[in-house]
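The chain contents come next:
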Amino acid sequence: MLFAMGVGRFAFTPILPMMLHDGTVDLTVAGRLATANYVGYLVGALAAMLIPKEWPQTTIIKSALLLTVVLTALMALPFPTTWTGLRFLAGVASAIGFVFTSGWCLAELTGSTASIGSAIFTGPGAGIAVSGLAASVMTALSFTGQGAWTTFAVMSAAISALIWRVFRKPGRDVEPFYVGKARTSGRVPRTEMPMFAVAYGLAGFGYIVTATYLPVIAKNAISDSPLLTVFWPLFGISAVVGSLLASRVRKSADARLYLIGSYLVQAAGVAMSVVWEDAVGLALSSILVGVPFTAISYFAMNEVRRIRSSHHARYMGLLTAVFAVGQIMGPPVVGAIFARQVNSDSAFALALGIASITLVVGAVILVAMIVMFPARVHHRPQER
């Protein structure tokens, strides 16, 4: 998942300054490429919902890895007219890889004594951190955008080759993350999954404003600081830490409680960059938004496996699609605000304020779900 998400989706952010320096893209083209990737992520999530349950999960995961390597390598070719399509397909591969790798790894790892089921969710954060740090080094060495894409393609191919044999057996079905009793039979409340999907989609909008514009916000706030390039890698490292912390939480609690806490922490982080406009505030914002980033996905995907224990990959795809819609809405909303605001600082403040409130609303929906749909508790057998 490090390369399917970290490279397939997020490598474009640190490579963009090199491409701008090369003159191969401008900000308008860059926005179009980013949007194509977000739309591709949505399409991939929807496609994951339609993939038959009988198809081997490991074959799908390997295909997503291979496609990510190929698409990353093709971005190095001097054919700008193909880049929009390539970024779209990279988004598709990322979403499918995320959905099926999540399901496979949760099934394989959740029952281990080390409780490392969330380990897979360190991938996106690690990918962000690695791509950010690598891009910083490449920038210092005066790499071109073409060289950066080539380097990431080689890195992706090497790591994919190392982990290829890991995905040699099909996934298995195990109990979900926590001891809330899974619904394997009986009527399922019709409103439960839609409410959960809306709450998860709000998280997609809430974080993407900061994740997309953090470098620009930093440049506006501390334009002459040597720390301008550290906030993106810091966000990624924080996401890794958040995933590791998620593996250590008490498994007997309702996962929705962890989601509520994660939403509120992220809301505080989004607001932090508005109320504390210096290097310390931006660093805290990066940490507070980053720590819950992949932890939210971990808890949410496990909750889906409890709510919909049958064919959970389809419903993981549904949530991923709704999350993608939230992400796609972020940049247009910011653009609309900028069109009506004269000052960029006030425009960012308004956009970030809306994003922070959105996360709080998501947390409120989760609270309502706990009241409306309480989880029945039972004790799991002794872990192996």
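Residues numbered from 1 in each chain as written. Predicted model: local features only at pLDDT ≥ 70, side-chain atom pairs only at ≥ 80, totals over all residues. Heavy atoms only, no water.

Trainee: Residue-level account of the nonpolar core, with values.
Mentor: By size, the foremost hydrophobic cluster in this structure holds 74 residues, and its most contacted members are F196, Y207, V209, Y263 and L319. Considering every element that reaches this core, the biggest residue donor is helix α8 (residues 192-221), with 15 residues. Beyond its immediate chain neighbours, meaning those up to four positions away, Y263 contacts A199, Y200, A203, I296, L359, G362, A363 and L366. (Core = buried A, V, L, I, M, F, W, Y, C linked by side-chain atoms within 4.5 Å. Buried < 20%, exposed > 50% of the residue type's maximum accessible area, 1.4 Å probe, protein only. Helix = DSSP H or I, 4+ residues; strand = E, 2+ residues; numbered from the N terminus. Contact = heavy atoms within 4.5 Å.)

Trainee: Can you lay out the side chain of S243 for me, pointing to particular residues and giving the numbers?
Mentor: Note that S243 resides in helix α9 (residues 231-246). At a separation of 2.5 Å, a polar atom in the side chain of S243 contacts the side chain of T294. (Polar contact = N/O pair within 3.5 Å; in protein donor to acceptor, adjacent residues only side chain to side chain.)

Trainee: With reference to specific residues and values, describe the side chain of S156.
Mentor: Position of S156 relative to the elements: it lies in helix α7 (residues 145-163). At 2.8 Å, the side chain of S156 forms a polar contact with the backbone oxygen of F152.

Trainee: Residues and numbers for helix α11 (residues 279-307), please.
Mentor: It helps to recall that an α-helix has 3.6 residues per turn; residues three or four apart then point in one direction. For α11, with 29 residues, the first-to-last C-alpha span of 42 Å sits near the 42 Å given by 1.5 Å per residue. Taken as a whole, α11 carries its principal kink of about 25° at A295. Burial analysis of α11 places 22 of its 29 residues in the buried class, which makes it a mostly covered element. At the N-terminal boundary of α11, the capping side chain belongs to D278, with an oxygen 3.2 Å from the backbone nitrogen of V280. (Expected span 1.5 Å × (residues − 1). Bend = angle between axes of the 7 residues up to and from the residue.)

Trainee: Mind laying out unusual backbone geometry, listing which residues take part and the relevant values?
Mentor: Phi is positive for S142, which is not a glycine, with a value near 60°. Checked against the element boundaries, S142 lands in the loop between α6 (122-140) and α7. Residue S142 is classed as exposed on the basis of its relative accessible area, which comes to 62%.

Trainee: Which residues make up the packing of helix α4 (residues 57-74) against α7, and what are the values?
Mentor: Where α4 contacts α7, the axes come no closer than 8 Å and their chain directions differ by 160°. By the angle between their axes, α4 is roughly antiparallel relative to α7. Helix-helix and strand crossings are classified by hand; for α4 and α7 the assignment is left-handed. Within the contact between the two elements, α4 uses L65, V69, T72 and A73 and α7 uses W149, F152, A153, S156, A157, S160 and I163. (Axes fitted to C-alpha atoms, helices over the stretch in contact; angles between N-to-C directions. Parallel < 35°, antiparallel > 145°, perpendicular 65-115°, else oblique. Left-handed = near helix turned anticlockwise from the far one by under 90°.)

Trainee: How would you summarise the packing of aromatic side chains if you had to cite specific residues and measurements?
Mentor: Tallying each qualifying case throughout the model produces seven aromatic pairs. Taken together, a centroid distance of 4.8 Å and an interplanar angle of 35° make the contact between Y200 and F323 tilted. Residue Y200 is located in helix α8, and its partner F323 is located in helix α12 (residues 312-340); the two are separated by 123 residues in the primary sequence. Here Y200 and F323 have matching classes, each one buried. Their ring planes at 45° and their centres at 5.4 Å tell us that Y298 and F299 sit as a pair that is tilted. For F299, a relative accessible area of 3% translates into the label buried. Counting every residue linked through ring pairs, the aromatic cluster contains Y200, Y207, W232, F235, F293 and F323. (Phe/Tyr/Trp six-rings, centres within 6.5 Å; stacked < 30°, edge-to-face > 60°.)

Trainee: Lay out the confidence of the model for the protein with the relevant residues and their values.
Mentor: In the predicted model, the protein carries a mean pLDDT of 80, and the fraction of residues at 70 or more is 82%. No element of the protein has a lower mean pLDDT than helix α1 (residues 2-6), at 58, and none a higher one than helix α10 (residues 255-275), at 93. Between residues 173-186, whose pLDDT stays under 50, and residues either more than four places distant or in other chains, the model counts 54 contacts. For residues 377-384, every residue scores under 50 in pLDDT, and the model assigns this stretch 19 contacts once sequence neighbours within four places are set aside. (pLDDT = per-residue confidence, 0-100.)

Trainee: Could you give me a rundown of the pattern of salt bridges, with the residues and numbers involved?
Mentor: Pairing between side chains of opposite charge can happen when their charged atoms approach one another. The tally for this structure, following the rule as stated, stands at two salt bridges. A salt bridge links R256 to D254, with the nearest nitrogen and oxygen atoms 2.7 Å apart. Across the salt bridge formed by R256 and E303, the nearest N and O atoms sit 3.8 Å from each other. Of this pair, R256 sits in helix α10 while E303 sits in helix α11, and the two are 47 residues apart along the sequence. Residue E303 is classed as buried on the basis of its relative accessible area of 0%. Several salt bridges converge on common partners, so that one network encompasses D254, R256 and E303. (Salt bridge = Lys/Arg side-chain N within 4 Å of Asp/Glu carboxyl O.)

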